[in-house]
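Below are the chains, spelled out letter by letter.
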Amino acid sequence: MVSIKELLGSKEIFKGLRSPTRAIIYLLAPLFPKMLRFDLDLYDYPWYAYCLLESAKLARRLNIFRTSAIEFGVAGGRGLIQLEKISHIVTDITKVKIDIYGFDLKTGLPRPKDYKDMPYNWKKGFFRMNVENLKRKIKNAKLILGDVKKTVPEFFKKFNPAPIGFVSFDLDLYSSTANKKICLINGLGHRRIIDAAWCYQAYMLHIFNHPLYNAYVYAQDDIQMPI
Ligand SMILES: C[S@@+](CC[C@H](N)C(=O)[O-])C[C@H]1O[C@@H](n2cnc3c(N)ncnc32)[C@H](O)[C@@H]1O
């Protein structure tokens with residue numbers, strides 16, 4: 001049975017208010033069968049929901065009953081919390097258990113290294129974490145704190161993770177994402193004969209005619225991005 005709190009607490013309701021039909025669908029969503037909610041993208045973070053469900057379905061076909069899901073870049077934990085919630089639903093449906101790992105520096109974004117990091121957009125310290133607060137909200141997910149350059153190579157030895165079925169890259173900076181250490185994470189970088197393209201490519205919006213291309217620009221200097 002769905003509680004009133006869950007019904008009213010869904011942020012999707014407010015997004016749905018843009019059209020009356022969608023508003024009604026979102027309002028009633030918690031009452032729908034779980035699979036229908038996947039099909040209609042009614043979970044928060046539907047991109048996580050889709051990928052996690054597909055990874056578990058694939059795992060089952062391969063006779064794997066425990067997998068790992070990784071989020072690179074946790075910040076306030078909105079994504080990690082959703083990942084954890086969705087993982088329980090996916091496990092109910094597929095019987096595949098999912099271990100969740102969230103990687104973050106804790107102190108927010110590192111300093112952008114060069115133009116590829118879009119320094120006019122990102123500033124050192126954005127998205128600082130409140131770790132204790134987040135720990136109270138998650139149940140089983142493990143937080144792995146520190147620079148991914150260091151924590152990723154240690155990860156396999158320390159956690160001996162189940163096969164990785166899901167990875168989200170949300171580190172914002174090219175220099176954080178496209179480094180060879182992070183490519184180790186799902187084995188693509190070191191197990192494939194030909195390296196996967198995503199090890200070396202990141203796509204982002206560049207405004208080449210920006211007058212201050214290499215400088216952070218915002219009205220206030222001490223702003224903290226909402227997390
Ligand atoms: C946009 S936030 C993540 C938001 C989160 N995925 C969500 O859905 O709410 C980006 C995060 O990446 C982290 N990050 C960036 N570079 C990193 C690095 N080299 N090592 C670890 N964490 C890093 C920052 O600390 C920041 O918290």
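In case you missed it, the structure is sitting above this.
Counting restarts for each chain: residues are numbered from 1 in the order of the written sequence. Predicted model: local features are reported for residues with pLDDT of at least 70 only, side-chain atom pairs are reported and counted for 80 or more only, and whole-chain, interface and lining totals are derived from all residues.

### Describing helix 6 (residues 78-94)
Keep this limit in mind: Helix and strand definitions follow DSSP, with helices as H or I runs of at least four residues and strands as E runs of at least two, each counted in order from the N terminus. In this scheme, a helix's expected span is set at 1.5 Å multiplied by one less than its residue total. Counting other C-beta atoms within 10 Å of a residue's C-beta gives its exposure: the residue is buried at 20 or more, exposed at 12 or fewer, and partly exposed in between, where C-beta atoms are placed from the backbone. The contact rule is simple: place each C-beta atom from the backbone, and if two of them lie within 7 Å, those residues are in contact.
Between its first and last C-alpha, helix 6 extends 24 Å over 17 residues, near the 24 Å set by a 1.5 Å rise per residue. Every buried residue of helix 6 is accounted for by Leu80, Ile81, Leu83, Glu84, Ile86, Ser87 and Val90. Contacts made by the buried residues of helix 6 are with helix 5 (46-61), strand 1 (66-72), strand 2 (97-104) and helix 7 (131-137). Looking one or two residues beyond helix 6, the residue adopting positive phi is lysine 95, at roughly 70 degrees.

### Concerning unusual backbone geometry
The backbone of lysine 95 sits at a positive phi, close to 70 degrees, despite the residue not being glycine. Structurally, lysine 95 can be placed in the loop between helix 6 and strand 2. On the neighbour-count criterion, lysine 95 (11 C-beta atoms within 10 Å) is exposed. A positive phi angle, near 70 degrees, is found at aspartate 172, a position not held by glycine. Here aspartate 172 shows up in the loop between strand 4 (164-169) and helix 9 (174-177). Aspartate 172 sits in the buried class, given 21 other C-beta atoms within 10 Å.

### So, the environment of serine 176
Tracing the backbone through its elements, the reader meets serine 176 in helix 9. C-alpha of serine 176 to C-alpha of glycine 73: the two residues are 103 residues apart in sequence and 9.8 Å apart in space. Apart from the residues lying within four places of it in its own chain, the contact partners of serine 176 are Pro110, Val148 and Leu171.

### Here's the deal with the site of the ligand
Threshold: Any residue whose C-beta atom, as placed from the backbone, lies within 6 Å of a molecule or strand is termed near it. Only Asp, Glu, Lys and Arg are considered charged, only Ala, Val, Leu, Ile, Met, Phe, Trp, Tyr, Cys and Pro nonpolar, and every remaining residue, Gly among them, polar.
Of all residues adjacent to the ligand, which total 21 residues, the nearest are Gly73, Ala75, Gly79, Leu105 and Ser176. At the level of elements, helix 6 and strand 2 are the ones that each hand at least two residues to the shell around the ligand. Of the residues in the shell around the ligand, the class split is 10 nonpolar, 5 polar and 6 charged.

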